[in-house]
Amino acid sequence: MIVAPFGRFTEGRVPDPGIAALFTRENRWQARLDVEAALALAEADAGLIPKESARAIALTARIEKLDIKRVLTATASASHPLVPLIEEFARTVGSKHGGWVHWGATTQNITQTADVLVLRDAHRTILQQLGRVLRAAAVLADDSADLPMAGRTHSQHAVPVTFGFKVAVWIDQLVAHTERLERLDDRLFCVLMGGAAGTFASFGDAGRVIEAGVAHRLGLHPMRVPSRSVNDGIVELVLVLAQLAGTIGKIGKDVYALMQPEFAEAFEPVPEGTVGSSTMPHKRNPQLALDMLTMSAELRALAAPALESMLHDQEANGAMTALLEDVSASAAVLAGDMLARLEVIMSGLELNPARMRENIKLSEGMIGSEALMLALGEKIGRQKAHDVVFEVAQAAPASGVPFLQMLRADPVVGGAFTVDELRGLIDPAAYLGLSQQIARELAGCAITTANRVASLPERAPLMTR
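Values in this document were obtained by computation on a predicted structure and should not be read as measured data.

A. Representation of the pattern of salt bridges. Evaluation of the coordinates by the stated rule reveals 24 salt bridges. A salt bridge links E26 to R25, with the nearest nitrogen and oxygen atoms 3.2 Å apart. On the accessibility criterion, E26 (36% relative accessible area) is partly exposed. We note a salt bridge from D420 to R423, for which the minimum N-O separation is 3.3 Å. Pair noted here: D420 and R423 are both in helix α19 (residues 419-425), with a separation of three residues, about one helical turn. Residue classification places D420 among the exposed residues on the basis of a relative accessible area of 57%. Among the residues examined, R423 registers a relative accessible area of 45% and is labelled partly exposed. When salt bridges that share partners are traced, they join D67, R70, E88 and R91 into one network.

Written as structure tokens, this is what we have:
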């Protein structure tokens, strides 16, 4: 897998999402045994293999019953991803029934279907994480809905917003990604059981019946065309996770900037004992935000190889299969690790309202120039008003004269408004638009989505054990 091989030094600060454990060799092999058991039982129902043999296969399909060292040794000599596991499985089932193991299936039928089972568990975990993140974000948005701060575009003061509005932007994207993940079900969770080329030739006329039986026992869907070159559902998962990574990276970038001493408006939580620098004791580094930026880049980079894996030539290409196996596993693990950090940040983000007020005053009212321009435009026309306010706003910093004083001295502006009217027009708190309303609306949306995700039914146990 394309993930950090030695972990990250911040792991002790965040909960383990448990996704990496899903992609361990033992868990993936167990998933393959589950598929083999479902296949045998479905084939017995279709009359293709003896029912007694199918029961024996299903009862033996537990990884702890196999000699793992034997499988590893055989894998090294056979240079095959599945045959040594099948041979050891068949040996463990016994000579009377073991010959029916893997009847009519090809390697990718088992490995891809097993990987889908693992991805299903990862998918559910990611949705649960998103639910917790959204719940924390809802509290943050609601609590800061009325907290004014400088809105920034192109890294410059734009118009005032509230911090709750900023969180609402984050929520909007996170909700969208949650909905995208929820809609993947019928395209992602599919059983691949068409035999060597997807024609069911090895299963005879019972192909579709066997496919349906395997799908039912594993809680998956049949495929319209069970071809080994059809992998768009898994690719779509990677692409949605890449989009999620883009949003988490954006949030990380926002927090990273807001923690700078020049801003000092918001801080990720820092547990007691956390060291910012080996040489500068004063530093409070945005460790989790930096992690999110790193992981976001890593996951977004997986979108290209995921798309590349769709380029099977003819009926199958093992390189494309192996590529997607690695990419999808890495994407799931990275998504879980990012969300673990985002949950900590959302739950414990420390805000500095006093610094937000100081920063919003840096332009001495120029952040309210749009409100002034629109009010003046009602009297002299929008474009002329824009030109007048623009000239004053550009001259004020260079002259060192306060913006309000220059406005009062300007014959057009000073002649149109009293000083109290000017103060009101350039007051940031009076020009928040619908920031507060949007913040509270999205807080509600986050709770609704979190509740829906939390109410998802538990995955039914596999009908093979």
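Structure's up, so let's keep going.
B. Expanded view of the environment of A371. Secondary-structure assignment places A371 in helix α15 (residues 369-380). Remark: the alpha-carbon pair of A371 and T75, spanning 296 residues in sequence, is separated by 71 Å.

C. Structural view of the nonpolar core. Membership of the largest hydrophobic core comes to 120 residues, with the highest contact counts inside it found for F23, F163 and M346. When residues no more than four places from it in sequence are discounted, the contact partners of M346 are V133, A136, A137, L140, W170, L174 and I251.

D. Up close: the packing of helix α6 (residues 107-143) against helix α20 (residues 435-454). Contact geometry for α6 and α20: axes closest at 8 Å, N-to-C directions at 155 degrees. Considering the angle they form, α6 stands roughly antiparallel to α20. Our pair here, α6 against α20, has a crossing hand that is left-handed. Here L127, Q128, G131, L134, R135, A138, A141 and D142 of α6 come into contact with α20, specifically with A439, R440, A443, A446, I447, T449, A450, N451, V453 and A454. Its residues assigned to classes, the contact of α6 with α20 comprises eleven nonpolar, four polar and three charged.

E. Representation of the packing of aromatic side chains within the structure. One pass over the full model with this rule turns up two aromatic pairs. Arranged with centres 4.7 Å apart and planes meeting at 55 degrees, the rings of W100 and W103 form a pair that is tilted. Its relative accessible area of 25% is what places W100 among the partly exposed residues. Exposure remark for W103: the relative accessible area of 36% places this residue in the partly exposed category. A ring pair is formed by F163 and W170, whose centres lie 6.1 Å apart and whose planes are at 90 degrees; its orientation type is edge-to-face. It is R25 that lies over the ring of W29; its NZ or CZ is 5.6 Å from the centre. Seen from the ring of F263, R152 lies directly overhead, with NZ or CZ sitting 4.3 Å from the centre.

So, how was this worked out
- Residues numbered from 1 in each chain as written.
- Predicted model: local features only at pLDDT ≥ 70, side-chain atom pairs only at ≥ 80, totals over all residues.
- Heavy atoms only, no water.
- Salt bridge = Lys/Arg side-chain N within 4 Å of Asp/Glu carboxyl O.
- Buried < 20%, exposed > 50% of the residue type's maximum accessible area, 1.4 Å probe, protein only.
- Helix = DSSP H or I, 4+ residues; strand = E, 2+ residues; numbered from the N terminus.
- Core = buried A, V, L, I, M, F, W, Y, C linked by side-chain atoms within 4.5 Å.
- Contact = heavy atoms within 4.5 Å.
- Axes fitted to C-alpha atoms, helices over the stretch in contact; angles between N-to-C directions.
- Parallel < 35°, antiparallel > 145°, perpendicular 65-115°, else oblique.
- Left-handed = near helix turned anticlockwise from the far one by under 90°.
- Nonpolar A, V, L, I, M, F, W, Y, C, P; charged D, E, K, R; others polar.
- Phe/Tyr/Trp six-rings, centres within 6.5 Å; stacked < 30°, edge-to-face > 60°.
- Lys NZ or Arg CZ within 6 Å of the ring centre and 35° of its normal.

Any functional reading would require information beyond the geometric quantities listed.
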